[in-house]
Amino acid sequence: MASEPQFQVLNSLDRRIEVRMLGPGEEGEWDRFVRCSPSGTFFHLCAWQTVVEKILGHKSFRLVARDEHGITGVFPISWVRNRLFGDSLISLPLAVYGGICADDQDSYFSLLKAGGDLAKSLKVNYLEMRNLAEPFPSSLPGRDLYVTFSLDLAPGPEKLLRGLPSDTRYMVRKSQKAGLVWDEDLSRQEFYEIYARSVHRLGTPVFSKRLFGQLQSEFPKQCRLFGVRKGKTAIAGVLCFYFKDQVMPYYGASLAEFHKDSPNNFMYWSLIAQSCREGYRWFDFGRSKRGTGSFAFKSGWSMQMIDLPYRYCLVRTKQVPHLSAADSVFSLPVALWKRLPFSVTKVLGPQVIKWIPSV
């Protein structure tokens, strides 16, 4: 294994910035910076990489920029080792947002150089940064594959409902008349069964049930599970993250046999209304790829659509990777996975998904 690089110290006329690995016991300082930084996301919190380590087994690197006043930027990176596709550094696995969290240009580019040096030292194919925004643009190549959707909750449920496109508003009203019930006590087992069936239908390997338990353990106050029932049957569920003044429905699914009742419309509208009542300001509907069913569904909720500027530091490869499950190279494996018995996919999925770099 290659040794880790020695990171640089940047000296300018009025400040000195040092980049190094996060030291033991400094996790609290890291998280305080992330919570205060405008570019900090839920996924930048230290515990996210703990989840990645325990569920996927990827080694973590936590790069920190400091000046005489304390932390000025952080860069969480995971080392994804893969014999089939080659090794890569990802910021961050399991996450839709990542990359560098820094509030000034010197810290940002010091961390970017340190990340590139780390990628070269480890001889990976590339370093991927899943940026939510790009406050300090670079010349790095990118792939503008995804968008994210955001809704300002300030107007309140009544105005937001009136502001929905007529088709979406109709589906919400229809779902409210279908006898569906919002459930704040959905069990993890019920959710996992719904989620596993949903991703199997899409041709995607399912995560281990341990992932959801680990998330609830690492983020006990920022992770909540909700569901939708028809009678006693759980027919939809969503695992949500809460960060600053935002709510993010992250893992969501419903049973196909109940789609006539529009459980997804019921679930997401119920969550929007509840989030308004609880005082949250932003509803982050998350990442989707243009041209997909998810993109079409989210586009019908009158939300702001934001391009996600993912960027790559290429090391041993000369081209930006195309390893998303939505890419054509995966069309045959997706079709074959759909044909496997559901019980088999629940056993194989948690092992297979570790080998997909885009996770």
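Basis of the calculations
- Residues numbered from 1 in each chain as written.
- Predicted model: local features only at pLDDT ≥ 70, side-chain atom pairs only at ≥ 80, totals over all residues.
- Heavy atoms only, no water.
- Phe/Tyr/Trp six-rings, centres within 6.5 Å; stacked < 30°, edge-to-face > 60°.
- Helix = DSSP H or I, 4+ residues; strand = E, 2+ residues; numbered from the N terminus.
- Buried < 20%, exposed > 50% of the residue type's maximum accessible area, 1.4 Å probe, protein only.
- Lys NZ or Arg CZ within 6 Å of the ring centre and 35° of its normal.
- Pairing = 2+ DSSP bridges.
- Axes fitted to C-alpha atoms, helices over the stretch in contact; angles between N-to-C directions.
- Contact = heavy atoms within 4.5 Å.

## Looking at the packing of aromatic side chains
Argument step 1. Overall, the coordinates contain 35 aromatic pairs when judged by the stated rule.
Argument step 2. Both rings, one in Phe 285 and one in Trp 301, keep their centres 6.2 Å apart while their planes meet at 90°; by these two values the pair is edge-to-face. Of this pair, Phe 285 sits in strand β13 (residues 282-289) while Trp 301 sits in the loop between α9 (293-299) and β14 (304-307); the two residues are 16 residues apart in sequence, bridging distant segments of the chain. Across the pair, Trp 301 and Phe 285 agree in class, each one buried.
Argument step 3. A cation over a ring is seen here: Arg 287 above Tyr 146, with NZ or CZ 3.9 Å from the ring centre.

## Here we look at the sheet that holds strand β8 (residues 146-152)
Argument step 1. Taken together, the seven strands give an open sheet; going across it, the order is β9-β10-β11-β12-β13-β8-β14, and neighbouring strands pair in mixed fashion. Either end of the sheet is taken by a strand with one partner, and the two such strands are β9 (180-183) and β14. Adjacent strand axes in the sheet meet at a mean angle of 30°, parallel and antiparallel pairs treated alike.
Argument step 2. Note: strand β10 (residues 223-230) against strand β11 (residues 233-243), eight bridges, orientation antiparallel. For Gly 227, the partnering residue across the bridge sits in β11 and is Gly 237.
Argument step 3. Here helix α6 (residues 188-202) sits on the sheet and contacts β10, β11 and β12 (246-254); the angle it forms with β12, its principal contact strand, is near 70°.
Argument step 4. On top of the sheet, helix α8 (residues 263-277) reaches β8, β9, β10, β11, β12 and β13; it is set at about 35° to β11, its chief contact.

## Here's the deal with the environment of Pro 137
Argument step 1. Position of Pro 137 relative to the elements: it lies in the loop between β7 (126-129) and β8.
Argument step 2. By relative accessible area, which is 59% here, Pro 137 ends up exposed.
Argument step 3. When the C-alpha atoms of Pro 137 and Arg 311 are compared, they prove to be 10.0 Å apart, with 174 residues separating the residues in sequence.

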